[in-house]
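Listed below are the residues making up each chain.
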Amino acid sequence: METTIFDTALGEFGIGWTDVGVARVQLPGLDRAALLARINRDGAVAGAPTRAIEAVINRIEDYADGAAVDFSTVALDLRGVPDFHRKAYAALLACGWGQTTSYGALAKALGDVTLSRAVGQAMGANPIPLIIPCHRVLASTGKPGGFSAPGGALSKLRMLALEGVSVGAPAGQMAFGF
């Protein structure tokens, strides 16, 4: 796996890729040394992005600038990811910009609402956050739930705010900003 880090309006991201596609994304929030250590773990090495990876980086930069970005066509390398997790990620890819879903709704889409915890575990282990939009998955109460990226649930709320989603706002007030 090859990797690179790049700066955005949200901070430095890391991305890792193989000949199959994007295999790893590290969200902002770590200092540079920690970011490099995390993105280059397990033998990954710094590399020069291909044209396809440059296009993904450009989309991430656009996202960080607040543009509505669709990552659903990005080639992903999920080799080594458990089958259930891959199914959960595939179901989540239907949740587009500015939309949210719940752990329970994803579990139901996977055939059994009692799989909500398993869905949560899959989201927490997501190797490609943002592109696989685990930040769009909320608890059944409408609260943010967990988020394993730097900054935790606060980072999740910031990402959703970029997409115009105000978690926990009373109905009718989101559009007016109060």
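Above this text is the structure in question.
My aim in this report is to walk through the structure given alongside it, one point at a time. (Residues numbered from 1 in each chain as written. Predicted model: local features only at pLDDT ≥ 70, side-chain atom pairs only at ≥ 80, totals over all residues. Heavy atoms only, no water.)

### So, the packing of aromatic side chains
Argument step 1. Taken as a whole and assessed by the stated rule, the structure comprises three aromatic pairs.
Argument step 2. Ring geometry for Tyr 63 versus Phe 71: centroids 6.4 Å apart, planes at 50°, classification tilted.
Argument step 3. Note on Tyr 63: relative accessible area 0%, which makes it buried.
Argument step 4. With a relative accessible area of 5%, Phe 71 lands in the buried category.
Argument step 5. Three or more aromatic residues joined by ring pairs form one cluster here, namely Tyr 63, Phe 71 and Trp 97. (Phe/Tyr/Trp six-rings, centres within 6.5 Å; stacked < 30°, edge-to-face > 60°. Buried < 20%, exposed > 50% of the residue type's maximum accessible area, 1.4 Å probe, protein only.)

### A look at the side chain of His 135
Argument step 1. Inspection of the secondary structure assignment puts His 135 in the loop between helix H5 (116–124) and strand S6 (137–138).
Argument step 2. Accessibility expressed as a relative area gives 0% for His 135, which makes it buried.
Argument step 3. Ignoring any residue separated from it by four or fewer positions in sequence, one finds His 135 in contact with Tyr 63, Leu 130, Phe 147, Lys 156, Met 159, Leu 160 and Glu 163. (Helix = DSSP H or I, 4+ residues; strand = E, 2+ residues; numbered from the N terminus. Contact = heavy atoms within 4.5 Å.)

### A few points about the sheet that holds strand S1 (residues 2–8)
Argument step 1. Here four strands make up an open sheet; going across it, the order is S3-S2-S1-S4 and the pairing mixed. Looking along the sheet, the strands with just one partner apiece sit at the ends: strand S3 (22–26) and strand S4 (45–46).
Argument step 2. Pairing between S1 and S4: two bridges, direction parallel. From the neighbouring strand, Glu 2 faces S4, where its bridge partner is Val 45. (Pairing = 2+ DSSP bridges.)

### With respect to the nonpolar core
Generally speaking, nonpolar side chains in soluble globular proteins are found buried as a group.
Argument step 1. Core analysis: the largest hydrophobic core is formed by 36 residues, its most contacted members being Ile 15, Val 22, Ile 60, Met 123 and Ile 131.
Argument step 2. Taken together, the elements giving at least two residues each to this core come down to strand S2 (11–17), S3, helix H2 (51–64), helix H3 (83–92), helix H4 (103–109) and H5.
Argument step 3. Ranked by the residues each element gives to this core, the list is headed by H2, at five residues.
Argument step 4. Beyond its immediate stretch of four places on either side in the chain, Ile 15 contacts Glu 2, Thr 3, Thr 4, Phe 6, Val 22, Arg 24, Val 25, Ile 39, Ile 53, Val 56, Ile 57 and Ile 60. (Core = buried A, V, L, I, M, F, W, Y, C linked by side-chain atoms within 4.5 Å.)

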